Each structure stands twice: as C-alpha cells, then as structure tokens.
Amino acid sequence: MRGEAHMLATTAFLIPLPPLAAFAVILLFTRRNRALSTAAAVGSLLLSAAGAFPLIIGALQGGNLAQNPVSQSVVWIPGPAAVRVGVLVDGLTVLMLAFVMVTLLAIFVYSIGYHHFGRNPGPADAPGFPPRGMEVRDGGRIRRVPTVEPLYGRFFALLSLFAFGMLLLVLADNLASFFVGWEVMGLCSYLLIGFWYGRERARRAAVKAFLVTRIGDVLMLIGMAVCWNFSGTLSLREILSPDNLTSMAAAPSAVPGLSAAGLAGLLFLAGTIGKSAQWPLHVWLPDAMEGPTPVSALIHAATMVSAGVYLLLRTAPLLWVAGSPASGAAALLGASSALFAAACALTQTDLKRLLAYSTVSQLGYMVAAAGIGASAAAAFHLAVHACFKALLFLGAGSVAHGIEHGAMQAGAGAEDPQDMRAMGGLAARMPLTFAAFLAGGFSLAGLPLVTSGFWSKDGILTRAFHSSPGVFLVLAAAALITAVYVARLLALVFLGRPRSRAAAQAAEPSRWMLAPIAFLVVPAVAAGWAGIPEDFPVLGGILPDWIGRLTAQTATPLSPQRWIQSGPAAEADAFAPVVLAVSLLAGTGGLLLGWLLHRRYGAGRKDPLEALFGGAYGFLQAGCRFDNLYRKVFAEPARWAARVLVSEWIDGRILGGILRAAWKAAGSAGRVLRGAVDLALINGAADGIGRASRRAAGGLRALQSGRVQEYLLIAFFVFSALAAALAWGMLKVP
C-alpha cells in the first residue's frame, strides 16, 4: 500500500512536466514546423491526462484522501528554515484536475482549427496580426480563403506553458510552488492577450491585465509572508492545521484589530479579487477579449480566473477565523460582483465581452459562496462553470469564423465578427454551433433540473437562503438577469433573419473546431448530475453524488470547523422548496422574458433594452464607466506625477541640478588639478628633467670637437687624475 502511494505521488510530481517540456521543445526546435508543434503540445497534454487518470479513478473509488492524501515533498531552498515544495492530491485537487484536463484538451484541439492548420501562409499576413486570408482561383472564379496563423508555433508554446502553470498550481502542497504556477499564468496571460501585438488595442489590453492582476499578486505575496512569519512554514496543511490556526487567530498583526489569521485571509481574498476579476479589480477581463478566442476560453474558463477561486477554497478556513472580516468581505464582494457584472452583460453588443462579464458574474457566485461557508458548492460550480463557459467561448469563436467566412464569400469587406447586431439567422446556417450554444447557454442560465448550471447554483443559493438572506436575494436577482441575457444572446445571434451579408452566408467551421465543441456539450449539460444532493425530492439518490464525495475528501477543510469562528454550520443544508421555486422562476422566467423582448429584433432597430433602460443602458454597456473612473483617479494623476513630479522636478530639477552642480564642481576640480598637479608637478618635473638633460647634453656637446689631439689630451688628464688618486690612497694605508 505504501509503495502504491509512493508511485501515485511520483506520478503527481510528473503531471505538470510534459507541457513544460513541450514549451521548451516548441520554442527551441519546432516552432517553424506547425505539425511538430501541434504534436508536441497536444501529445504533452495527453501524457499529463494519462498521469492524472489513476488519481481521479482512485478518488472516485472511495479512498480516504481527507485523512491520507497523496502527498510528497522535497527541499527546494535548504537551510535552517528550509522551504519544501511538493504535491498534495485530495478530493479538491482531483476535482480541479478533472475539469482542467477536460477543458484544456478541448481548447488545444480547437486551436488547431482556429488557427487554420493545414492552410497556406498568406502573402499579406504578418506576425502580430490576425491572418487576412488570400485570393485563389477556383474554376475560373476568384474566391478568398483563410490562411494559417503566422505565429502558429509560438501560440502552442504559450498554451503549453499556461497548462504547466495551472497544473503546478493545482497540485501544489505549499504556497511557494502555488505562487510560481500563479505567476507563470500571469506571464502567459500577458503574452497571449497581446498575442496579436501589432494591434494597439491588444497591446493595451495585455498591459492592463498584467498591471491590474499584479495588485492582487502583491497582496497575496504579503499574505504568504504573514503566514511564514507566524507559522514558520508555507505548507498549506501545516498553516491550516487546528493548532496553527488557533495560534494565528490569537496573534495580533500589524493592522490594529486584526489577528494574523484574519489579515492573511483578507490578503488572500485580495489575491482572488485580482486573479478572478472581481469588483473593483474586474476591469481587465472584458478587455482581455482582444486575444484569440482559445485564449479567452483558457483564461475565462480553464485556468487563470479559476486559480483565484481555487486559492480562496484552499485557504478557506482563514476566512472564518474568529474576529476576521474576511468572510463578510468575500460574501459582499462576491454577491455585488455577481449582480453588477450580470447587469453589464445584459447590455453588451460584443459577443465575447458579454461572455466576459458573464464570467465575472459567475465567479462572484463562487466568491460569495466561500464567504457564506458554501465552499463545497463553490467548488462544484467552479468545475461546472469551466465546462459550459469554455463551450460558450469556443462557440463564440465558431460564430466569428462563420461570420468571417460569410464576409469572404460575400465580398463584404471587414466587419466585426463579434458584433451581435450584425448577426441573426445563424441557427439555419450553423445548426451544430447553435445546438452547442443552446446547451452552454441553458446551463449558464440554470435551466431547471436538466442542466449542470442549475445544480451547481442550487447548492450556493440553498446555503445563502439558510445563512444570509441578503446574499440570497442578490444572487437570485443575478440569476434572473443571467437568464435574460442568455435569451438575448441566442435571439440576436441565432434567431430571426440575417442582418448582414456576412451572416447570410456564414458557415460551420472545420471539424477541428466542431469536435471539441461537441465534446464539451456532454459535461456542460451532464456534469451537474454527478452532484445532485441525495435529499433532493425524486431525483436525489438516483445517481451517486460524486462531487459531494470528492469535496468531502479535502485535506484542507472546506467547511467551518469547531476551532474556527461561529460561522455557518458545517452540516449540509436541508432542501428548501423556496430555493427551488426561485431557481425555477429565475431560469425559465428569465429565458422567456429575454426571448419576448428580443424575438422581433431586426436590422436597424434599437435594442428593446435601450428603450427600457434609457440612459442607464449606455452606462451599463460601458461597465458603469469604471475604466473612466480609474483613468481619472489613478491613471491621469500617475501620468501627471510622472511628467511633472518625476520628470520635471525630481529628474529635471533636483537630480538634474545635483548632476549639473557635480559636473561644474568636477570641472573646477579638474582645472585646479590640472594647474597644480598636472601642469606644475607632473608636467613640470618631466619638463625639468628634459631641460636638465638638454643642458648637460649641451655641455658635453662642446667636448665633441672631432680633433684627436684634444681627445688624447683629455684622456691624459683623466688618467693622470686617476693615477694621483690611487697613489694618494696607497700612501694613506698603514
């Protein structure tokens, strides 16, 4: 048994490595060979999936991972306070591995078709820009066809590095390696959002995402320092042990009125807010749509935003420590983000921006759930949301490809392939994509009883109903608005008549794109059936509650325990008919209302919601103008400070004045040194020696007459003097 556990731990260590190796291989050797780059990226992910498979199966077969998780660590930084890194596989890890592998595989395969693998390069294509296609002659007529992405290999290299970061984070047993994976994804998000770096909007979006998420990253790093200072370790299990939590709860922090545990919980919540794009750090996510569609699916579903919620779930006990405001802050920020982002999504005309605001809203459900003690329900919704949101983003890419194909066929020129106002009628032109969108959209809306989204949201709403009525009302309102904007999306994109020439000639994309979309339909609809509560009337107990079994096997507690604050009860909440009624009304009623409002929307007509909301429509469409607010409050003062305070005063006047004064002083000192030392001493000594040499040479020159007689006379006198000196010396000797 011990040998089997060791083998599983070794396997867990190896799971993140194939994507890292693929990144290195593609970057160094195969990036110019599209076939080899594809094989390296997809093959590495299949290897990682093969390694994760026995861990998932073992957890589902009923292993006691809560008490005996698969765990192994090695020393990373030796010394008296050695830092160890390793892997921790429990029920939450297995749940994350399952949905991460499913969505990553779908996104990798989808990217092959999205970037037109097998097509020829276009003569007008340039790195840093989307491929423009090219004209070919076909049977006497000229038509325009897609061309392959110029940076195809680079894209798959970055996807592989992204996958490595997420897998490292999921398997980490300590905050050190967790943070490494966290930052790897932050780097990759910057590079992938700005993948088409030739476009200014993409560059700006990449920088914006990088800077905004760094705020949360820095605060999270401070939280890690707090844990290290008070616990002497970064191991998650040691930090969250009952004895250590009690000790940290009693220890005062640098913030008056906050314990060390409470401060760490707030700092980790701040890290989640940045990474998972919650208010007020949500502004980077809608702009991240400038990247290719697989990037949107990767960031918004499978990895980056999920990482923030995963951090909150892993460190959940820190939210509930006595005296900590972290749980209340999480509930408040999560619920307000859910409602605010849903309202913004309701007015969007760009398909991917609508889905981006939808992601912010759904993540708000999870953050609020962690705040009210429903972390197990949050983990359930996190897994389910990743599947149906990845499906919706990949479907959005399929729609964009269909519109671009229609524009090429119609010779309609450049049109925005994400503008829902120029779509319509795509259900007839793209029936497979429409069916996939129905599955993902209904799951997002929480269509009762048959979709995954209903079951995962139901757990959150049930806990909110029992523990926090205010949060329950806000989340119920967000659920209603969600169903309305899903119906609006389906009506504008797929129903009615085509509202542009491109939409009238749209077509389904390649099988490389349709296959992963069809694959994701199954978990988007049916994954929630694996988490139906056993006490649910009629349906409960028909299928095993696999999700509940996994979340019950978590080594770091997901529910408040007796040594933590008097928070919500750890026991499962009983079935509440009111919650079911609200879910039924929000899901079906919202879909019906959205369809009634937009069923007759046509070209040139104003959005019915614009007439209904008036001036608030544009306000919500602009994301409540938080970008403008931050520009006025932060960006413009920072630019002014950089220009006036730093450039003109500090650099120009203070530092420049010091440097100019130093330059003048150095010049004066140089002149003094030149006169007193160089000219007078060094040059004077050298010149004096030269003059003495010349004078001596002049005196000796007079003796060089060239007359032999004079030389003999001089020699006679010299030898006579020498002889006299010798004789005198001999006479002196006794």
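Residues numbered from 1 in each chain as written. Predicted model: local features only at pLDDT ≥ 70, side-chain atom pairs only at ≥ 80, totals over all residues. Heavy atoms only, no water.

(A) Spotlight on the pattern of salt bridges. Tallying each qualifying case throughout the model produces 12 salt bridges. With a closest N to O distance of 2.7 Å, Arg 314 and Asp 90 form a salt bridge. Placement of the pair is Arg 314 in helix α13 (residues 304-314) and Asp 90 in the loop between β2 (83-89) and α4 (91-114), with a sequence separation of 224 residues. Each member of the pair Arg 314 and Asp 90 is classed as buried. In this structure, Glu 183 engages Arg 214 in a salt bridge whose closest nitrogen and oxygen atoms are separated by 3.5 Å. Taken as a pair, Glu 183 in helix α6 (residues 175-193) and Arg 214 in helix α7 (residues 200-231) lie far apart in primary sequence, 31 residues in all. A single salt-bridge network, built from bridges that share partners, covers Lys 208, Asp 287, Arg 353 and Asp 627. (Salt bridge = Lys/Arg side-chain N within 4 Å of Asp/Glu carboxyl O. Helix = DSSP H or I, 4+ residues; strand = E, 2+ residues; numbered from the N terminus. Buried < 20%, exposed > 50% of the residue type's maximum accessible area, 1.4 Å probe, protein only.)

(B) Spatial organisation of the state of the cysteines. Taken as a whole and judged by the stated rule, the model has zero disulfides. In this structure Cys 344 is not part of a disulfide, and its nearest cysteine sulfur, from Cys 624, lies 4.2 Å away. (Disulfide = S-S within 2.5 Å.)

(C) Geometry of the confidence of the model for the chain. Across the chain, the average pLDDT comes to 86, with 94% of residues at or above 70. Low pLDDT, under 50, characterises residues 561-571; the predicted model gives this stretch 22 contacts beyond four residues in sequence or across chains. (pLDDT = per-residue confidence, 0-100. Contact = heavy atoms within 4.5 Å.)

(D) Fine view of the nonpolar core. Counting 218 residues, the largest nonpolar core has Trp 284 and Leu 426 as its most contacted members. No other element matches the 19 residues that helix α16 (residues 375-410) contributes to this core. (Core = buried A, V, L, I, M, F, W, Y, C linked by side-chain atoms within 4.5 Å.)

(E) Just the packing of α13 against helix α15 (residues 351-371), in detail. α15 packs onto α13 with a crossing angle of 5° between their chain directions and a minimal axis gap of 10 Å. The angle between the axes of α13 and α15 places the two elements in the roughly parallel class. Where α13 abuts α15, its residues Val 305, Val 309 and Leu 312 lie against Thr 359, Leu 363, Met 366, Val 367 and Ala 370. Classifying every residue of the contact of α13 with α15 by side-chain character gives seven nonpolar, one polar and no charged. (Axes fitted to C-alpha atoms, helices over the stretch in contact; angles between N-to-C directions. Parallel < 35°, antiparallel > 145°, perpendicular 65-115°, else oblique. Nonpolar A, V, L, I, M, F, W, Y, C, P; charged D, E, K, R; others polar.)

(F) Structural detail: the side chain of Thr 213. Looking at where Thr 213 falls in the secondary structure, it is placed in helix α7. Residues in contact with Thr 213, not counting those within four places in the same chain, are Gly 274, Trp 284 and Met 304.

(G) A look at helix α20 (residues 469-494). Counted at 1.5 Å a residue, the expected span for α20 with its 26 residues is 38 Å, and the 37 Å between its end C-alpha atoms agrees. Of all the 26 residues making up α20, 20 are buried; the element is thus mostly covered by neighbouring parts of the structure. Phi turns positive, to about 75°, at Gly 496, one or two residues after α20. (Expected span 1.5 Å × (residues − 1).)

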